[in-house]
Amino acid sequence: MENKKNDELIPIPVTDFFGYFTINNIKVPCAVLYPESENPIRVIVQREVVGILTGNKKGGLDRYLKPENLQPFLPDKFKNKGLSESTHTFRSAANGRIAQGFEGTDLIDICKMYMEARTKRKLLPAQKHLAEQAEIIVFAFAKTGV
């Protein structure tokens, strides 16, 4: 199977390296991709990134990156791009499912966005819990590594 990117068909990488890491007693699925001529990439399935950050795996990450008050803090990787341009599509060799994954470091950058917005007092009341969760995530990664 192939994936279309910039009007060119590219093969979808298949990973044999699928596992879990734990944050706050939550097992989070992740994978390691070995694209041709690139270094290994550690990815976290998109719905899991949403779940870790929000506590709810439903919905996409877009709505958590698009609010106007967060734009000054948005990681460069996500600026002026569709979310699909910032993810890696891959297939699990174990079950054949296709998934979208974010690089492990992307989660840290998203957390940093919320923490910086909180420091600058730019968060909306409904976003404050996201900054608190972001802090938990960053400290968990600091302890275990990405």
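It should be noted that the structure appears before, not after, this text.
Residues numbered from 1 in each chain as written. Predicted model: local features only at pLDDT ≥ 70, side-chain atom pairs only at ≥ 80, totals over all residues. Heavy atoms only, no water.

1. A look at the packing of aromatic side chains
For any pair of aromatic rings, geometry is given as the distance between the ring centres together with the angle between the planes.
Working step 1: Here the structure, examined in full by the defined rule, presents 2 aromatic pairs.
Working step 2: Between F21 and F141 the ring centres are 5.3 Å apart and the planes differ by 45°, which places this aromatic pair in the tilted class. With F21 in strand 4 (residues 17-23) and F141 in helix 4 (residues 128-144), this pair connects stretches of sequence that are 120 residues apart.
Working step 3: Using a relative accessible area of 17% as the deciding quantity, one classes F21 as buried.
Working step 4: In this structure, K27 is placed above the aromatic ring of Y20, and the distance from its NZ or CZ to the ring centre is 4.7 Å. (Phe/Tyr/Trp six-rings, centres within 6.5 Å; stacked < 30°, edge-to-face > 60°. Helix = DSSP H or I, 4+ residues; strand = E, 2+ residues; numbered from the N terminus. Buried < 20%, exposed > 50% of the residue type's maximum accessible area, 1.4 Å probe, protein only. Lys NZ or Arg CZ within 6 Å of the ring centre and 35° of its normal.)

2. Quick look at the environment of F90
Working step 1: Mapping F90 onto the fold places it in strand 7 (residues 88-92).
Working step 2: Since its relative accessible area comes to 1%, F90 is described here as buried.
Working step 3: Between the alpha carbons of F90 and Q100 there is a distance of 6.5 Å; along the sequence they are 10 residues apart.

3. Topic: the layout of surface pockets
Working step 1: Computed from the structure, the second largest pocket encloses a volume of approximately 230 Å³.
Working step 2: For the lining of the second largest pocket, the secondary-structure elements that each account for two or more residues are strand 7 and strand 8 (98-103).
Working step 3: Considered class by class, the residues forming the lining of the second largest pocket number 7 nonpolar, 2 polar and 2 charged. (1 Å grid on protein atoms, 1.4 Å probe; cavity = no way out; pocket = protein on both sides within 12 Å on 5 of 7 lines; lining within 4 Å. Points joined across faces, edges and corners; volume = space filled by probe spheres on them. Nonpolar A, V, L, I, M, F, W, Y, C, P; charged D, E, K, R; others polar.)

4. What about the sheet that holds strand 3 (residues 14-15)?
Working step 1: Read from one edge to the other, the open sheet built from 6 strands follows the order 3-7-8-6-5-4, with strand pairing classed as mixed. The open sheet has two edge strands with one neighbour each: strand 3 and strand 4.
Working step 2: Taken together, the 4 bridges between strand 5 (residues 26-33) and strand 6 (residues 41-45) define a ladder with antiparallel strand orientation. By the bridge assignment, L33 is partnered in strand 6 with I41.
Working step 3: Relative to the sheet, helix 1 (residues 46-54) contacts strand 4, strand 5, strand 6 and strand 8, its axis offset from that of strand 6 by approximately 65°.
Working step 4: Along the sheet, helix 3 (residues 104-119) makes contact with strand 6 and strand 8, crossing strand 8 at roughly 55°. (Pairing = 2+ DSSP bridges. Contact = heavy atoms within 4.5 Å. Axes fitted to C-alpha atoms, helices over the stretch in contact; angles between N-to-C directions.)

5. Some words on the side chain of N69
Working step 1: By the secondary structure assignment, N69 is in the loop between helix 2 (62-65) and strand 7.
Working step 2: Looking at N69, its side chain comes within polar contact range of the side chain of Q127, at 2.6 Å.
Working step 3: Sequence-distant contacts of N69, defined by excluding residues within four places in its chain, comprise K122, L123, L124 and Q127. (Polar contact = N/O pair within 3.5 Å; in protein donor to acceptor, adjacent residues only side chain to side chain.)

6. Points about the pattern of salt bridges
Working step 1: If you walk through the whole model with that rule in mind, you get 6 salt bridges.
Working step 2: Between R47 and E48 there is a salt bridge whose closest N-O contact spans 3.8 Å.
Working step 3: With a relative accessible area of 5%, E48 lands in the buried category.
Working step 4: Close ionic contact of K79 with D76 constitutes a salt bridge, the shortest N to O distance being 3.6 Å.
Working step 5: Among the residues examined, K79 registers a relative accessible area of 31% and is labelled partly exposed.
Working step 6: Looking at D76, the relative accessible area reads 62%, which means it is exposed.
Working step 7: Residues joined by salt bridges that share partners form a network here, namely K77, E103 and D106. (Salt bridge = Lys/Arg side-chain N within 4 Å of Asp/Glu carboxyl O.)

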